[in-house]
Every structure is written in structure tokens, then in C-alpha cells.
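Descriptive analysis of the structure
In case you want the letters, here they are:
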Amino acid sequence: MKSPNDFFGSAPEVHTWAPGRVNLLGEHTDYNDGYMLPIATPQRTDVMADRSGDGRFHIYSSTLDETVEFDADEPAPPGFARYMEGCIRLLQQRGVQIPPLKMYVRSNLALGSGLSSSAALEVATLRALRTMLKAELDGVTLAQIAQQAEIQYAGVNCGIMDQMASSLADTQHMLFLDARTLDARLLPLPAGAEIIVIDSGVPRKLAASKYNERRAECEAAAGMLGVQALRDVARLADVEKLPSPIRERARHVVSENLRVLEAADGGSAVSAERFGELMNESHASLRDDYQVSIPELDELTEVLRKQPGVFGARLTGAGFGGACVALCKAGSAAGTGEMVVNRFNAAGGQARLLIPAPQQ
Ligand code: ADP
Ligand code: MG
């Protein structure tokens, strides 16, 4: 593995970083123009950059121990550099002059485990470019460019939540986010509470195909109800006339939006007890109505719910594997998280505590 010094030879001109995110509430709502409540992870991705001087881009990821090179006017090869090339090309399209660069990537975010390492990579890359080239770019615009980089260059049809959270959230606040207006407000975590995040260790195998299927079902539901998006359905009762399974999918989205609105009521979060109940309801809705849970996530969240001091737990991310999140009494997250992981793994599981980050 190369150190920044091996790669640059001297201190690079810029060094920026961006966090990953965990969504506390509001799952599968972003592509329905709805609401969500992510928070930033303490884990982050760093990007360092310098001018290359030889007409080519040189990108090294120490996470993958992989170097990628490409000419300034040629596309990056498939793989992680596409996310970064997307950021470069989209800024160029906005008129920013970008010289060929050397870029070094380092991260303590687990890739592909649901903390959105991809958004962290994009946001950190755009921050590096912004700093180096003194580009005018506010946090929301930066998130939108990051999202487009992922869609157009990495070929992932993602919503806006991950990039908005990486760009605007911090580890002490939840970001109340409206996917339609991009209105974003920081709210404190419920008083006296902190979070636990556990990776189930189950890869999200079906996630991509089921994600597309759910998106199509939501579009069908909105069409049948005569609204632009399910966010426009204010009353839960309105979905009951839809045929199954469109009805259940819509019921999840509409009820999930109501849960986020309650949790973020009036600009200050509800109590930890109520927030926990809303998380439990969200999990049941994702399991029964949206059908994106798997037995391992049901089991992990059930074990979490049984621990003293835990207010509530749910799967987080798109489902079909990946991580779960719980809200618990401040001070108890590390101990409870470790115990739950050990118990789950004693029965053959492969879970890992992600937050609080285990001491290394
Ligand atoms: P998630 O965003 O949930 O972690 P994704 O599949 O969306 O999972 O993104 C993971 C991909 O993003 C990786 O396969 C890789 O291409 C890219 N990536 C993210 N972080 C890094 C990194 N530090 N170094 C290299 N590639 C990275
Ligand atoms: Mg991602």
C-alpha cells in the first residue's frame, strides 16, 4: 500500500474529506419525493490532490491498493475512478477549468456495507476540486453534482439522500431532508440518546433488482392515485383502494413519510422513547408492507430491541442485507452493540459493529 508521501513525493496541495451516512428514519422515501433523517458517520473518506504535470490523471485508492490512470480527454476505465471522473467531468461542464491531477483516496468506511462510501468518495472529491480550483459551490449544489456523477458515470440510479447527508450532515445532528424541495435542516439527536449501527454481514444480493421493482411499483401507485409522487398522498386511508401488492408498497411510503414528519416535528426531535417506537414501526413496515427485509435483519433488530436501554431498531439502507441501526441510551451503545454482535455471531452470523467504531 502506498502512503500519500510515496504517491506525491511531498505534501499535496489540498486535503479534504467527507463522511458516510446512516439513515435513522425515512427508508425508500427519497425516490418518492419524500422525507428522511440521515446522520453522518464518524468514519470518513479523505481525498488529497495535486497537479500531475504530465497531461494525465493518476488516481490511487489506498483502500483498494489500486492505481488508475487516464488521459485528460479520455474516459476513466470502469471501476472506482468513474465516481471521481464523473465529479471532474460535471464540474468541467459547468465551466470549471480542471488541470490533470494526481489524487489519493483513503477511507475507514467499509465499502458496500450501507454507510454510503460512494457518496463520501464523490463529496470528498468535489470538495478537493472546489478547494484547489476555488470553484463557487454550495453544499446542496455539490450534493446534486455528486448524485449525477454516480448516476451518469458510475451507472447507479441513486436518490439524493446519500450525497446530501455526506455534504451537509454531521455526527451530532440528524439532517431532516425533503427530497422534493431539497430543504435540509439539522436537528439534534433525541435527548439522552446515541446510535448503534451493525452490519449484518449479509451481502445485498437482490438489492439492485428489487430496488428497481419497488421504484416501478411506487410509480404505478402514484399514477393510479393521480399524484406526481407518493409524497403527495397525505392520508394513509387513500392507499387502501389500490390493488395488492401496490397497496402495501404505497402504505409503507406514505406511513414512513408520516413517521419522519412526526420525528422531526417543529424543528426539534421527539423524545428518544417515541423516536424508538417510530424506528420499530418503520422496520415492521419495511418487513411486512415493503418486503425488503431478510430474516437476519429481523433477528438482529429483534435482539437489539430486547436489550435494556434500547429505544428502537430498524434495518437501514435499501434492505436485502446490509446494516441495521438502533437508538439507545447515551453511554450504552458500545457495550450493547458488542454484545449483540457477539450473540448474533455465536449462532453463526458474520455481523460487525460499525458505530460506535470499535477501538483499533
Ligand atoms: P456503499 O456506497 O453503500 O458503500 P456502493 O456500492 O454504492 O456501496 O459504493 C461502493 C463503491 O464505491 C466501491 O465499489 C468503489 O467503486 C467506490 N468506492 C467507495 N469508497 C472507495 C474508496 N475509498 N476507494 C475506492 N473506491 C471506493
Ligand atoms: Mg453507495
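What counts, and where the lines are drawn
Residues numbered from 1 in each chain as written. Chains lettered and ligands numbered in written order. Predicted model: local features only at pLDDT ≥ 70, side-chain atom pairs only at ≥ 80, totals over all residues. Heavy atoms only, no water. Near = heavy atom within 4 Å. Polar contact = N/O pair within 3.5 Å; in protein donor to acceptor, adjacent residues only side chain to side chain. Areas by Shrake-Rupley, 256 points an atom, 1.4 Å probe, with all protein chains shown as cover. Helix = DSSP H or I, 4+ residues; strand = E, 2+ residues; numbered from the N terminus. Patch = residues over 30% accessible without salt bridge, like charges linked within 9 Å, V, L, I, M, F, W, Y side chains within 5 Å. Salt bridge = Lys/Arg side-chain N within 4 Å of Asp/Glu carboxyl O. Buried < 20%, exposed > 50% of the residue type's maximum accessible area, 1.4 Å probe, protein only. Contact = heavy atoms within 4.5 Å. Pairing = 2+ DSSP bridges. Axes fitted to C-alpha atoms, helices over the stretch in contact; angles between N-to-C directions. Domains from an automatic or database assignment. Buried area = accessible area lost by both parts, 1.4 Å probe.

Here we take up the site of ligand 1. Around ligand 1 lies a shell of 15 residues, among which S61, T63, G112, S117 and S118 are the nearest. S118 has a polar side-chain atom sitting 3.0 Å from an oxygen atom of ligand 1. Take R204: an N or O atom from its side chain is 3.5 Å from an oxygen atom of ligand 1. In isolation ligand 1 offers 560 Å² of accessible surface; the protein chains occlude 81% of this area. Mapped by element, the contributors of at least two residues to the shell around ligand 1 are β6 (101-107) and α3 (117-133).

The next point concerns a nonpolar patch on the surface. Side chains of L236, L258 and L261 sit close together on the surface and give an oily, nonpolar patch of about 220 Å² of accessible area. By secondary structure assignment, the location of L258 is in helix α7 (residues 246-263). Under the relative-accessibility criterion, L258 is labelled partly exposed at 39%.

Turning our eyes to something else, we now look at the environment of Y83. When you line up the elements, Y83 lands in helix α2 (residues 81-93). Sequence separation between Y83 and G155 is 72 residues; the distance between their C-alpha atoms is 9.2 Å. Beyond its immediate stretch of four places on either side in the chain, Y83 contacts S118, L121, E122, A149, E150, A154 and V156.

Quick look at the sheet that holds strand β11 (residues 323-329) now. The strand order β10-β11-β9-β12 describes an open sheet built from 4 strands, whose pairing is antiparallel. Unpaired on one side and paired on the other, β10 (310-316) and β12 (352-355) mark the two borders of the sheet. The mean angle between the axes of side-by-side strands here comes to 25°, regardless of whether they run parallel or antiparallel. In this fold helix α8 (residues 272-288) packs onto β9 (193-199), β10 and β11, with an angle of close to 35° to the strand it touches most, β10.

Bringing the side chain of H58 into the picture now. The residue H58 is located in strand β4 (residues 56-61) in this model. Relative accessible area serves as the criterion here: at 13%, H58 is assigned to the buried category. Among the polar contacts listed, one links the side chain of H58 to the side chain of D54, at a separation of 2.8 Å. Separated by 3.3 Å, the side chains of H58 and E69 make a polar contact. In contact with H58, not counting residues within four places along its chain, are F7, S52, V68, E69, L101, K102 and M103.

What follows covers the pairing of strand β5 (residues 66-71). Where β4 and β5 come together, 6 bridges link them in antiparallel fashion. Its bridge partner lying in β5, Y60 is registered against T67. The loop that links β4 with its antiparallel partner β5 comprises 4 residues; one of these, D65, has a positive phi angle of about 50°.

Another point: the domain arrangement of the protein. Taken domain by domain, the protein holds domain 1 (4-185) and domain 2 (190-355). Computed from C-alpha atoms alone, the centre-to-centre distance between domain 1 and domain 2 is 26 Å. Of the residues lining the interface, 33 residues belong to domain 1; the matching set on domain 2 comes to 43 residues. Interface area, domain 1 with domain 2, both sides summed: about 3,000 Å², of which 62% is carbon and sulfur. Our count for the domain 1 to domain 2 interface comes out at 3 salt bridges. The partner of R231 in a salt bridge is D178, with the nearest N and O atoms 2.8 Å apart.

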